[in-house]
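So the chains spell out like this:
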Amino acid sequence: MPALLAIAVTVGNNIDNHLKMTRELTKSILTSYLIGAPIGILTIVSTIFAPLLLTGEGLTSISIIGGYGISTIGLVISFLIALWIGGKTAYKSAKKEKSLLSISFKYSSIVNLIIWTTFCLIIGLTSESDKFLTMIPALLALVVCTIITTFTIGLLISYLVKRIINNSDGQKNTVANKT
């Protein structure tokens, strides 16, 4: 009978740990979406329409949309997928107690690598000439965006993911100490 009780307690603890991890992971991915999606989509829209706002002429914006329109749609769709993957990666890195900057760099690298690779693949498939020349801005954007997001949005998301995990662990310890 005591052996069955021990097994039941072990199974119960395993289920509790799994549910806690699932909640933490869900919150981490949600954090990635809630912060990353509005900022990323606003950045994409701003990049397209900045020339129009700065000069008052829409020719540059029209050429951006004409040259990169389909690729931009692919970038937005892959961005939404990349935020999910990035949130999951940040969670796994935070669980391994990696440094905040390390988590942020990994998160930013993965998200930017996914979106800019998708962008370049679509350019490669749809562009009829000078495929490499049209990919140069995207390759530069990959490097610049990874550096910028590592020290800004990625750092904020990584910090919040670490807090989610630490708060969850802290609640568990508080409950355990009260019993």
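Reading guide: rules and limits
Residue numbers run consecutively from 1 along every chain, following the written order of its sequence. With the structure being a predicted model, the display of local features is reserved for residues of pLDDT at least 70 and the display and counting of side-chain atom pairs for 80 or more, all residues being used for whole-chain, interface and lining totals. Only hydrogens and water are set aside when side-chain values are computed; all heavy atoms of the structure are taken into account. Runs of H or I in DSSP of at least four residues are treated as helices and runs of E of at least two as strands, each being numbered from the N terminus. Contacts are assigned to residue pairs with any non-hydrogen atoms lying within 4.5 Å of each other. Using a 1.4 Å probe, the Shrake-Rupley method yields the accessible areas, and only the shown protein chains count as cover for residues. A patch is a set of surface residues, each over 30% in relative accessible area and not in a salt bridge, joined within 9 Å for like charges and within 5 Å for the nonpolar side chains Val, Leu, Ile, Met, Phe, Trp and Tyr. One side-chain nitrogen of Lys or Arg within 4 Å of one carboxyl oxygen of Asp or Glu is enough to make a salt bridge. We treat Lys and Arg as the positive residues and Asp and Glu as the negative residues; His and chain ends play no part in the count. Charged groups are reduced to one reference atom each: NZ for lysine, CZ for arginine, CG for aspartic acid, CD for glutamic acid. Only protein chains enter the accessibility calculation, which uses a 1.4 Å probe. A residue is then buried if its area is under 20% of the maximum for its type, exposed if over 50%, and partly exposed in between. Take the buried residues of types Ala, Val, Leu, Ile, Met, Phe, Trp, Tyr and Cys, join any two whose side-chain atoms come within 4.5 Å, and each joined set is a nonpolar core. Each Phe, Tyr or Trp ring, with Trp reduced to its six-membered ring, pairs with another whose centre is within 6.5 Å; inter-plane angles below 30 degrees give stacked pairs, above 60 give edge-to-face pairs, and intermediate values give tilted ones. Note: pLDDT gives the predictor's confidence per residue, expressed from 0 to 100. The axes used here are C-alpha line fits, helices contributing only the stretch in contact, and every angle between their N-to-C directions lies in the interval 0 to 180 degrees. The scheme is simple: roughly parallel for angles under 35 degrees, roughly antiparallel for over 145, roughly perpendicular for 65 to 115, oblique for anything else. Left-handed describes a crossing whose near helix is turned anticlockwise from the far helix through less than a right angle; right-handed describes the clockwise counterpart.

### With respect to the overall build of the protein
Logical step 1: The secondary structure content of the protein amounts to five helices and zero strands.
Logical step 2: Start at the N end of the protein and walk to the C end: the helices and strands fall as α-α-α-α-α.
Logical step 3: Relative to all contacts within the protein whose residues are 6 or more apart in sequence, the contacts with residues 24 or more apart total 78%.
Logical step 4: For the protein, the exposed surface amounts to about 11200 Å²; the carbon and sulfur share of it is 73%.

### Regarding the environment of Ile122
Logical step 1: Topologically, Ile122 is positioned in helix α3 (residues 100-126).
Logical step 2: Sequence separation between Ile122 and Ile73 is 49 residues; the distance between their C-alpha atoms is 9.7 Å.

### Side note on a positive patch on the surface
Logical step 1: On the surface, Lys92, Lys96, Lys98 and Lys106 cluster together into a positively charged patch.
Logical step 2: Secondary-structure assignment places Lys106 in helix α3.
Logical step 3: Lys106 gets classed as partly exposed once you look at its relative accessible area, which sits at 41%.

### Thoughts on the nonpolar core
As a rule of thumb, nonpolar side chains are buried together in soluble globular proteins.
Logical step 1: Judged by nonpolar contacts, the single largest core of 25 residues is most densely connected at Leu75, Tyr107, Ile115, Trp116, Phe119 and Val161.
Logical step 2: Only α1 (2-55), α2 (59-95), α3, α4 (131-150) and α5 (153-178) provide two or more residues apiece to this core.
Logical step 3: Among the elements that take part in this core, α3 stands out by supplying eight residues, more than any other.
Logical step 4: When sequence neighbours within four positions are dropped, the list of residues in contact with Leu75 reads Ile44, Ile115, Trp116 and Phe119.

### Let's talk about the packing of aromatic side chains
Logical step 1: According to the stated counting rule, one finds one aromatic pair in the structure shown.
Logical step 2: Ring geometry for Trp116 versus Phe119: centroids 5.3 Å apart, planes at 75 degrees, classification edge-to-face. Placement of the pair is Trp116 and Phe119 together in helix α3, with a separation of three residues, close to one helical turn.
Logical step 3: Among the residues examined, Phe119 registers a relative accessible area of 7% and is labelled buried.

### Considerations on the confidence of the model for the protein
Logical step 1: Here the protein averages 82 in pLDDT, and 75% of its residues register 70 or above.
Logical step 2: Confidence scores differ between elements of the protein, with α1 showing the lowest mean pLDDT of 76 and α3 the highest of 93.
Logical step 3: Segment residues 173-179: pLDDT under 50, and zero contacts once partners within four positions in sequence are set aside and those in other chains are kept.

### Brief notes about the packing of α3 against α4
Logical step 1: One can describe the packing of α3 onto α4 by two numbers: an axis separation of 8 Å at closest approach and a directional angle of 165 degrees. In terms of their interaxial angle, α3 and α4 are classed as roughly antiparallel. For the crossing formed where α3 meets α4, the hand is right-handed. For the pair formed by α3 and α4, the contact residues are Leu101, Ser104, Phe105, Ser108, Ser109, Asn112, Leu113, Trp116, Phe119, Cys120, Ile123 and Gly124 on the first element and Lys131, Thr134, Met135, Ala138, Leu139, Ala141, Leu142, Cys145, Thr146, Thr149 and Thr150 on the second.

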